[in-house]
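The lines below spell out each chain.
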Amino acid sequence: MTTNDSTPPPNFIRNIIVEDLKANKNDGRVHTRFPPEPNGYLHIGHAKAICLSFSLAAEFRGLCNLRFDDTNPTKEEAEYVESIKEDIRWLEYDWEDREYYASDYFDQLHEYAVQLIKDGNAYVCDLSADEIKGYRGTLTEPGKDSPYRNRSVEENLDLFARMRAGEFEDGSRVLRAKIDMASPNLNMRDPVIYRILRATHQRTGDKWCIYPMYDFTHGQSDSIEGITHSICTLEFEDHRPLYDWFIEELKIFHPQQIEFARLNLTYTVMSKRMLLQLVEEGLVTGWDDPRMPTISGLRRRGYTPASIRNFCERIGVAKRDSTVDIALLEHCLRDDLNEHAPRVMGVLRPLRVVIDNYPEDQVEELEALNHPSDPGMGTRKVPFSRVLYIEQDDFLEDPPKKFFRLAPGREVRLRYAYFIKCVNVIKDQKTGEIVEIHCTYDPATRGGDAPDGRKVKATLHWVSAAHALKAEVRLYDHLFVKPDPGSKKDGTDFKTLLNPNSLETLKFCHIEPGLKDAIPGSRYQFERLGYFCVDLVDSSDVALVFNRTVTLRDTWARIKKAGKQ
């Protein structure tokens, strides 16, 4: 991977690492990790954490592990594991041979739990989940000790062994850390560290009927792997004292947990629970729906790994939560596609054009640039014939003052071709809809310039009707109509804010024939229309499907908007 600037912008985590290296902390090692739970697909917020953890390790010649925190077998699936690995590889990061699972450490974690019991720092509690919640207290009131808090070490060891042996019903007993029920931090009020749960684990099968809680697993897994800098999102800040407490009481290697602000993006939601609702209720087509903020959805829409990495770098690393305008993500995408996407011509809403004075059986192969700013991308041949398609929006029978495209009696340039002038308009006799326009062309203007020096004010894209490929094009917009659909301020159900116009499917589009062998995932700029990619799922050799990745700036749309205002 390369960037335009080899010096990364500063962030407070980088500054911490720099100071640690100066002090030779951890013997000068830098070792990070990305620890997803395999209970869903990764989204753009996870991409920020991935980029941060892997890039910091690379910058300081360290290592970054991939560790799946698979402690809840009721919600985890192998499908999610594979999708997470695919997403990280697609972002062009490599964990090499360091793929780990919290379940790899279940035996060691069990030993740690036994050690806590022996040291008087953990006990088996018979309270129900609701009772534990009631005993916990509130932010302003201290909690109450469990009636089982003072069981002897011997009794706790016996009960915990019987929990593991499967003697008790699910939910009937838990193992809790013995810390401080009056702590101002609710996470320190004797948190549960093991629960009874009879569920088949995707890796360990039915070996275990007790599973460690995430808060107990997290820090100890970091310690086992020798992680030096455990980078987490800000919601784990209140959990850090618990993270530290476990490690200190167990007297094991102590990583440093550092929290940063999670990514919030306008016009979408980042909650796995909300995204799962959208999928399960059929409000989107799946986790990889191009309107979703999932990495698989962004990939299918046509986003590039470089654009996402650049976006994550540009938004920086902060300590306070904020919301980033999705326009910045789109800007990073346009920057990348503008440089790398080849140009082609496609007509989304076709209007038939007949050039009356062009020979009926003649076909010319005109040379077109693949990229106007990059001669190295070469040229291609596009066929030109008597019957063409142009965009319906590029013709008005009675144009307003600032409309410079095709109109009766007006001359325009066809991209890479000729000047044409509209001489007649054919309409449907019943509906009055324009179905065809007739033009004449000037043979002397081949290539787009007139020998006599006359100028035109518009250049239109087009395709030859006889040679164009039919295609389906899907136009995507924001998934929600409000910038903050996940906000709970007014109690609105976020699903009521879904944008009914987030997808428009055009079935009868025409594209230039050179795209016949376009491979799924390949990206193009459809001249004057936007950036598009070949759909990864539905497109085929016999039925091309393109997704609009992002629009271009539309001068005429701004003029019309200004006129309405």
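Below, the structure is looked at part by part. This one's a predicted model, so the numbers in the text were calculated from it and none came from an experiment.

1. A word on the overall build of the protein
1) Next: Counting its regular elements, the protein contains 13 helices and 27 strands.
2) Next: Computed over the C-alpha atoms, the radius of gyration of the protein is 31 Å, more than 25% above the 24 Å expected from 2.2 N^0.38 for a compact globule of 565 residues.
3) Next: Seen through its C-alpha atoms, the protein measures out along the principal axes to roughly 100 × 55 × 45 Å.
4) Next: Put simply, the protein has 565 residues, and 52% of those count as buried.
5) Next: Residue pairs at least 24 apart in sequence account for 71% of intrachain contacts in the protein once pairs closer than 6 positions are excluded.
6) Next: Carbon and sulfur atoms form 48% of the exposed surface of the protein, whose accessible area is close to 26700 Å².

2. A short note on the pairing of strand β17 (residues 387–391)
1) Next: In terms of residue burial, β17 counts as a mostly covered element, since five of its five residues are buried.
2) Next: In this structure, strand β14 (residues 350–355) lies alongside β17, joined through five bridges in antiparallel fashion. Looking across to β17, one finds that Val354 is bridged to Val387.
3) Next: Judged from the two bridges that link them, β17 and strand β22 (residues 463–464) form a sheet pairing that is antiparallel. In the sheet register, Leu388 faces β22, and the bridge partner there is Ser464.

3. Let's talk about the environment of Phe494
1) Next: With respect to the secondary-structure elements, Phe494 resides in the loop between β23 (469–476) and β24 (503–511).
2) Next: Once the C-alpha coordinates of Phe494 and Leu21 are considered, the two residues, 473 residues apart in sequence, prove to be 46 Å apart.
3) Next: Excluding its chain neighbours within four sequence positions, the residues that come into contact with Phe494 are Val269, Met274, Gln277, Leu278, Phe480 and Pro485.

4. Observations regarding the side chain of His43
1) Next: With respect to the element layout, His43 can be found in the loop between β1 (31–34) and α2 (44–59).
2) Next: Within the local environment of His43, its side chain forms a polar contact with the backbone oxygen of Met270, the two atoms lying 2.9 Å apart.
3) Next: Beyond its immediate sequence surroundings of up to four residues, His43 is in contact with Met270, Leu275, Pro293, Thr294 and Ile295.

5. Section: the nonpolar core
1) Next: Among the nonpolar cores identified, the biggest contains 49 residues, and Ile13, Ile44, Ile50, Ile88, Ile308 and Phe311 are the most heavily contacted of them.
2) Next: By residue number, the principal contributor to this core is α2, which donates nine residues.
3) Next: With sequence-adjacent residues up to four places away left out, Ile308 is seen in contact with Ile44, Ala47, Trp90, Leu91, Leu298 and Tyr303.
4) Next: Among the nonpolar cores identified, the runner-up in size contains 31 residues, and Met163, Ala177, Met188 and Tyr211 belong to it.

6. A look at the pattern of salt bridges
1) Next: Per the stated rule, a full pass over the model turns up 44 salt bridges.
2) Next: Note that Arg240 and Glu259 form a salt bridge whose closest N and O atoms lie 2.8 Å from each other. Remark: Glu259 occurs in strand β9 (residues 256–260) and Arg240 occurs in helix α8 (residues 240–250); sequence separation between them is 19 residues.
3) Next: According to the relative accessible area criterion, Arg240 is partly exposed, its value standing at 30%.
4) Next: A residue is classified by how much of its surface remains accessible, and Glu259, at 6% relative accessible area, is buried.
5) Next: Between Glu411 and Arg454 there is a salt bridge, and its shortest N-O distance comes to 2.9 Å. With Glu411 in strand β18 (residues 411–414) and Arg454 in the loop between β20 (434–442) and β21 (459–460), this pair connects stretches of sequence that are 43 residues apart.

7. What about helix α3 (residues 78–90)?
1) Next: Here α3 spans 18 Å end to end across 13 residues, near enough to the 18 Å set by a 1.5 Å rise per residue.
2) Next: Turning to α3, its buried residues are Tyr80, Val81, Ser83, Ile84, Lys85, Asp87, Ile88 and Trp90.
3) Next: Glu92 sits one or two positions beyond α3 and adopts a positive phi of about 75°.

8. A word on the sheet that holds β1
1) Next: In space, the three strands of this open sheet follow the order β1-β2-β3, with parallel pairing throughout. Only two strands of the sheet have a single neighbouring strand rather than two, namely β1 and β3 (99–101). Shown here is a sheet whose adjacent strand axes are inclined to one another by a mean of 35°, direction ignored.
2) Next: By the bridge criterion, three bridges tie strand β2 (residues 63–68) to β3 in an arrangement that is parallel. If you follow Phe68 over to β3, its bridge partner there is Tyr101.
3) Next: Across the sheet, α2 touches β1 and β2, and the angle it forms with β1 is around 160°.
4) Next: Most of the contacts of α3 go to β2, to which it runs at about 155°, and overall it touches β1, β2 and β3.

9. Quick look at helix α6 (residues 153–165)
1) Next: Over its 13 residues, α6 runs 18 Å from end to end, which matches the ideal 18 Å to within 8%, given 1.5 Å per residue.
2) Next: For α6, the set of buried residues is Asn156, Leu159, Phe160 and Met163. Along the long axis of α6, the arc covered by the buried residues comes to 100°, so they all point the same way. When the buried face of α6 is taken as reference, the exposed residues oriented beyond 90 degrees from it are Glu154 and Ala165.
3) Next: Packing partners of the buried residues in α6 comprise α4 (106–118), β4 (122–125), β5 (174–177), β6 (192–196) and β7 (210–212).

The rules behind the values
- Residues numbered from 1 in each chain as written.
- Predicted model: local features only at pLDDT ≥ 70, side-chain atom pairs only at ≥ 80, totals over all residues.
- Heavy atoms only, no water.
- Helix = DSSP H or I, 4+ residues; strand = E, 2+ residues; numbered from the N terminus.
- Rg over C-alpha atoms; globule rule 2.2 N^0.38 Å.
- Buried < 20%, exposed > 50% of the residue type's maximum accessible area, 1.4 Å probe, protein only.
- Contact = heavy atoms within 4.5 Å.
- Areas by Shrake-Rupley, 256 points an atom, 1.4 Å probe, with all protein chains shown as cover.
- Pairing = 2+ DSSP bridges.
- Polar contact = N/O pair within 3.5 Å; in protein donor to acceptor, adjacent residues only side chain to side chain.
- Core = buried A, V, L, I, M, F, W, Y, C linked by side-chain atoms within 4.5 Å.
- Salt bridge = Lys/Arg side-chain N within 4 Å of Asp/Glu carboxyl O.
- Expected span 1.5 Å × (residues − 1).
- Axes fitted to C-alpha atoms, helices over the stretch in contact; angles between N-to-C directions.
- Arc of directions from axis to C-beta.

Note that all results are geometric; they support no functional claim without further evidence.
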